[in-house]
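# Survey of secondary and tertiary structure
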Amino acid sequence: MEKVLDYRQQEEDMIQQELTKIQSVLKKEKEKLNKLVTNKCEIQTKLKEKESNGINLQQAVMYRDHLEVLAAEIEEQKQVVAQIKEEFEKCRSRLLDKTKECKMLNKLKERQFANYKEEFLKEEQKNIDELATNNFIRQADNNQAVI
């Protein structure tokens, strides 16, 4: 039983490590998405400033093209983040299942130990009772022999 429990706990640890890695990747990809969004906002602000101060057509087209590229990159990055979130949730679900399994095995182990302990104590008490009975019978035989 102990080997099974150890194996299940090793599996749980491996899933936990995997979850930590996925969480790290998710954090990095979210940061990348935030940088893209921030960059897009900054460029939109610059474009508005230049439009209010006067901008030539070539610069305006260049800003608009850049904004379109950023918008596409943002959408792509959102999909990457969504995919990693899905992977994270699946891994988290596996971890929860494995944790429940380990807890169940631990409880089973505890119950088996309690049963073993109870049976051992019953057997021990039976031996003590038998010994006491034998001593009593021997003393009774000795007392009758003296009479």
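Residues numbered from 1 in each chain as written. Predicted model: local features only at pLDDT ≥ 70, side-chain atom pairs only at ≥ 80, totals over all residues. Heavy atoms only, no water.

Take the packing of aromatic side chains next. All chains considered together, the criterion is met by two aromatic pairs. Aromatic pair Tyr116 and Phe120: ring centres 6.3 Å apart, planes at 25°, arrangement stacked. Taken as a pair, Tyr116 and Phe120 lie in helix H2 (residues 57-146) at a separation of four residues, close to a single helical turn. On the accessibility criterion, Tyr116 (53% relative accessible area) is exposed. Counting every residue linked through ring pairs, the aromatic cluster contains Phe113, Tyr116 and Phe120. (Phe/Tyr/Trp six-rings, centres within 6.5 Å; stacked < 30°, edge-to-face > 60°. Helix = DSSP H or I, 4+ residues; strand = E, 2+ residues; numbered from the N terminus. Buried < 20%, exposed > 50% of the residue type's maximum accessible area, 1.4 Å probe, protein only.)

Below, the discussion takes up a nonpolar patch on the surface. Residues Phe113, Tyr116, Phe120 and Leu121 make up a contiguous nonpolar surface patch of about 470 Å² in total accessible area. Mapping Leu121 onto the fold places it in helix H2. (Patch = residues over 30% accessible without salt bridge, like charges linked within 9 Å, V, L, I, M, F, W, Y side chains within 5 Å. Areas by Shrake-Rupley, 256 points an atom, 1.4 Å probe, with all protein chains shown as cover. Salt bridge = Lys/Arg side-chain N within 4 Å of Asp/Glu carboxyl O.)

Across all of its chains, the model carries 12 salt bridges by this definition. Across the salt bridge formed by Lys109 and Glu2, the nearest N and O atoms sit 2.8 Å from each other. A residue pair is termed long-range when its members are at least 10 positions apart, and Lys109 in helix H2 and Glu2 in helix H1 (residues 2-53) qualify at 107 residues. By relative accessible area, Lys109 is classed as partly exposed at 29%. Among the residues examined, Glu2 registers a relative accessible area of 38% and is labelled partly exposed. Salt-bridge contacts for Lys98 lead to Glu101; the nearest nitrogen and oxygen are separated by 3.4 Å. Of this pair, Lys98 and Glu101 both sit in helix H2, separated by three residues, roughly a single helical turn. Residue Lys98 is classed as buried on the basis of its relative accessible area of 14%. Overall, the relative accessible area of 23% leaves Glu101 in the partly exposed class.

It is worth stressing that arrangement in space is one thing and function is another; only the former is reported here.
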